[in-house]
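Analysis of the macromolecular model
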Amino acid sequence: LYSYFPGGPRWPRSKRSLRYAIAQTAATPIDRATLSRVFARAFARWSAATTLNFTEAASEEDADITIGFYAGDHGDGEAFDGPLGTLAHAFSPTDGRFHLDAAEAWVAAGDVSRASSPVAVDLESVAVHEIGHLLGLGHSSEPGAIMYPTITSRTRKVDLASDDVVGIQSLY
Ligand code: TQI
Ligand code: CA
Ligand code: ZN
Ligand code: ZN
């Protein structure tokens, strides 16, 4: 079963078009065009299930959601920890911050199960999960759900389960 953050925070009804920006932060081996494509696909999974829509903004000042890669302590009290452990974190509505650990062996294209690194992590899978948090979903007790709080390295999991869909549709 899905859950929400305490108090059920969500984006206001007046705001069904959300804008996200990919910040220029710590270096990742993934090029900018690939990042745009991967995050667009991850947002599309949630817009397909709701009346929300998402567009990439050119600048952070113009965005509701900001996405960035950071290493170690990056000033929000939730330091990243190197490969594996914490991969990413996102804040509840309407904060909009979505941070990824720059130290992960992110895979943005191709088959993560065939990646050369034993600690490879599929970027789109993590993005779909974190966008659930950005929109107000907590964790699910359903192992097949995107919002289930476990992911194995070298696996891809990007399709919303009916549990995720029912959860997001009762919020929006
Ligand atoms: N990051 C945790 C997560 O996103 C951070 C976190 C823990 C959190 N408790 C939270 C965020 C409560 C919001 C609300 O769950 S993580 C997974 C999963 C992580 C974990 O790096 O551990 C995924 C990132 F669900 F598989 F465990 C992505 Cl998909
Ligand atoms: Ca980490
Ligand atoms: Zn952070
Ligand atoms: Zn989570």
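These numbers were taken from a predicted model, which means no experiment stands behind them.

This paragraph deals with the sheet that holds strand 1 (residues 17–22). On the basis of which strands lie adjacent, the open sheet formed by 5 strands has the order 2-1-3-5-4 and mixed pairing. Across the chains shown, the open sheet's two edge strands, defined by having one partner strand only, are strand 2 (53–56) and strand 4 (88–90). Strand after strand, the sheet turns through a mean of 20° between neighbouring axes, direction not considered. Pairing of strand 1 with strand 3 (residues 65–70), which is carried by 3 bridges, proceeds in the parallel orientation. In the strand pairing of strand 3, tyrosine 20 is matched with isoleucine 65. On top of the sheet, helix 2 (residues 123–135) reaches strand 3, strand 4 and strand 5 (97–101); it is set at about 25° to strand 4, its chief contact.

It is worth spelling out the UniProt feature "active site" (unreviewed entry) in the protein chain at this point. In this numbering, the UniProt entry assigns the feature "active site" (unreviewed entry) to Glu130. With respect to the helices and strands, glutamate 130 occurs in helix 2. Setting aside its immediate chain neighbours within four residues, glutamate 130 contacts Ala88, Ala90 and Phe98.

Attention now goes to the nonpolar core. Judged by nonpolar contacts, the single largest core of 41 residues is most densely connected at Tyr20, Phe39, Ala42, Phe43, Ala127 and Ile131. Breaking this core down by element, the ones donating at least two residues are strand 1, helix 1 (32–47), strand 3, strand 4, strand 5, strand 6 (105–107), strand 7 (120–122) and helix 2. No other element matches helix 2, which puts 7 residues into this core. Dropping the residues within four chain positions of it, alanine 127 is found in contact with Val38, Phe39 and Ala42.

All right, on to helix 3 (residues 162–171) then. Among all positions of helix 3, only Asp163, Asp164, Gly167 and Ile168 are buried. Mapping the buried residues of helix 3 onto a view down its axis gives an arc of 120°, with all of them on the same face. Residues Ser162, Gln169 and Ser170 are exposed on helix 3 and point more than 90 degrees away from its buried face. Elements that come into contact with the buried residues of helix 3 comprise helix 1 and helix 2.

The next subject is unusual backbone geometry. Geometrically, the link from proline 93 to threonine 94 is a cis peptide bond, its omega value of 0° lying close to zero. Positionally, threonine 94 belongs in the loop between strand 4 and strand 5. Phi at leucine 84 takes a positive value of approximately 60°, unusual for a residue other than glycine. In this fold, leucine 84 is placed in the loop between strand 3 and strand 4.

Here the focus is the site of ligand 1. Ligand 1 sits among 13 residues. The nearest are Thr86, Leu87, Val126, His129 and Ile151. Contributions of two or more residues to the shell around ligand 1 are made by strand 4 and helix 2. For the shell around ligand 1, the leading source of residues is helix 2, giving 5 residues.

Tracing the backbone shows glutamate 60 in the loop between strand 2 and strand 3. When the C-alpha positions of glutamate 60 and alanine 21 are compared, they lie 5.4 Å apart, and in sequence the two are 39 residues distant. With sequence-adjacent residues up to four places away left out, glutamate 60 is seen in contact with Ala21, Ala23 and Thr66.

Right, let's talk about the pairing of strand 5 for a bit. Remember that side chains alternate between the two faces of the sheet whenever the strand is regular. For strand 5, the tally of buried residues reaches 4 of 5 residues, placing the bulk of the element in the interior. Pairing of strand 3 with strand 5, which is carried by 5 bridges, proceeds in the parallel orientation. When the sheet's bridge partners are listed, glycine 68 is paired in strand 5 with histidine 99. Direction of pairing for strand 4 relative to strand 5: antiparallel, over a ladder of 3 bridges. Opposite alanine 90, over in strand 5, you have phenylalanine 98 as the bridge partner. Joining the antiparallel neighbours strand 4 and strand 5 is a turn of 6 residues, in which glycine 96 adopts a positive phi near 90°.

Calculation criteria
- Residues numbered from 1 in each chain as written.
- Chains lettered and ligands numbered in written order.
- Predicted model: local features only at pLDDT ≥ 70, side-chain atom pairs only at ≥ 80, totals over all residues.
- Pairing = 2+ DSSP bridges.
- Helix = DSSP H or I, 4+ residues; strand = E, 2+ residues; numbered from the N terminus.
- Axes fitted to C-alpha atoms, helices over the stretch in contact; angles between N-to-C directions.
- Contact = placed C-beta atoms within 7 Å.
- UniProt positions renumbered as here; feature names shortened; annotations may be inferred.
- Core = buried A, V, L, I, M, F, W, Y, C linked by C-beta atoms within 7 Å.
- Buried ≥ 20, exposed ≤ 12 C-beta atoms within 10 Å, placed from the backbone.
- Arc of directions from axis to C-beta.
- Near = placed C-beta within 6 Å.

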